[in-house]
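Structural features, examined
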Amino acid sequence: MKETRGRVTKDGIRIYDPADFAGMRAAGQVAAEILDAVIPLVKPGATTGELDEFITAEVERRGVISATIGYKGYRHASCISVNHVVCHGIPGNKVLADGDILNIDVTVIVDGWYGDTSRMFVAGNLGRKAERLIEVTHEGLMRGIAAVKPGNTFGDIGNAIQTYVEASRMSVVRDFCGHGLGRVFHAPPNVLHYGRAGSGAVLEEGMFFTIEPMVNLGRPETKVLADDWTAVTRDKSLSAQYEHSVGVTAEGCEIFTLSPAGKFFRTWA
Ligand code: MF3
Ligand code: CO
Ligand code: CO
């Protein structure tokens, strides 16, 4: 379906109407509820395929649509990225072991609006390095979100994330980025999680996009496996990611994908 709402900036970024925030909020809340619901299932012995089956059932039970099933040939309702998998991990027969950390990423379509969010989960006991990685990744996302307000630029968002992550002696993945979304899954701009303050397009009220930094304990380089989806760290170091969908308001931004259970950052105990 062709998108005709609002207007488009010179950078090709759609500006939505105030009334459109309600649609994004509804979609974001469904995606976040599904991630809340999966929490009790994440434990050693579970397979990533079982988690995805549960997510598929939760999507269907709510009468909404998975944005990822059928997207560019992808066949699952979630991406599940374990340990050194950076993103786009394909759910399957992988059995979770004690201490594994995983990102689960869900995107749903509710009344035509896209809600895209991911967070970190832990199977069993969380190791100290992994805990630190997860904390820094979440804080990086929140610092990026804190830079979202009209008049700031996309470079300000990336710079806030990169500065914090690198000061924490970790690295920001360059090979994947956030994206505009709304009544489409992926739209301009590319939301980089690194960059120079003041660079890039200027933020305006009514822009909808994701911020979804991937942070590695080691080097930032990634490679995609032969399945054409799974991205891993080249140096096999641990990687983490958090993702929110946000809309720019007059004052700052609204986060559409907040956890109704208050378990966005800490999905574990
Ligand atoms: N949800 C992912 C994102 O944050 C995209 C997943 S596409 C898939 O943009 F096909 F891999 F599911
Ligand atoms: Co996304
Ligand atoms: Co996502």
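What counts, and where the lines are drawn
Residues numbered from 1 in each chain as written. Chains lettered and ligands numbered in written order. Predicted model: local features only at pLDDT ≥ 70, side-chain atom pairs only at ≥ 80, totals over all residues. Heavy atoms only, no water. UniProt positions renumbered as here; feature names shortened; annotations may be inferred. Pairing = 2+ DSSP bridges. Helix = DSSP H or I, 4+ residues; strand = E, 2+ residues; numbered from the N terminus. Axes fitted to C-alpha atoms, helices over the stretch in contact; angles between N-to-C directions. Buried < 20%, exposed > 50% of the residue type's maximum accessible area, 1.4 Å probe, protein only. Contact = heavy atoms within 4.5 Å. Polar contact = N/O pair within 3.5 Å; in protein donor to acceptor, adjacent residues only side chain to side chain.

By the naming in an unreviewed UniProt entry, the chain is Methionine aminopeptidase, taken from Gemmobacter lutimaris. As stated in UniProt under Catalytic activity (unreviewed entry), the record for the chain gives "Release of N-terminal amino acids, preferentially methionine, from peptides and arylamides." You can read under Function (unreviewed entry) in the UniProt record for the chain the words "Removes the N-terminal methionine from nascent proteins. The N-terminal methionine is often cleaved when the second residue in the primary sequence is small and uncharged (Met-Ala-, Cys, Gly, Pro, Ser, Thr, or Val). Requires deformylation of the N(alpha)-formylated initiator methionine before it can be hydrolyzed."

On to the sheet that holds strand E14 (residues 231-233). Spatial strand order, E5-E14-E13: three strands in an open sheet with antiparallel pairing. The sheet is open, and its two edges are formed by strand E5 (85-87) and strand E13 (222-224), each paired on a single side. Taking each pair of neighbouring strands and ignoring which way they run, the sheet shows an average axis angle of 40°. As defined by bridge partners, E13 adjoins E14 across three bridges and the pair is classed as antiparallel. What sits directly across from Thr222, in E14, is Thr233.

With that settled, consider the UniProt feature "binding site: a divalent metal cation 2" (unreviewed entry) in the chain. Using the residue numbers shown here, the UniProt feature "binding site: a divalent metal cation 2" (unreviewed entry) corresponds to Asp116, His179, Glu212 and Glu243. A maximum C-alpha distance of 10.8 Å among these annotated residues, which run over 128 residues, shows that they cluster at one spot. For Asp116, the position within the fold is in strand E7 (residues 113-122). Of the residues examined, Asp116 reaches a relative accessible area of 3% and is grouped as buried. With near-sequence residues (within four places) excluded, Asp116 lies in contact with Asp105, Val106, Thr107, His179, Leu181, Phe185, Thr210, Glu212, Glu243, His244, Ser245 and Thr257. Reaching out from Asp116, the side chain makes a polar contact with the side chain of Thr107 at a distance of 2.9 Å. In this structure, Glu243 sits in the loop between strand E15 (239-241) and strand E16 (244-248). The residues touching Glu243, leaving out its near neighbours within four places in the chain, are Asp105, Asp116, Thr117, Ser118, Leu141, His179, Thr210, Ile211, Glu212, Thr257 and Phe264.

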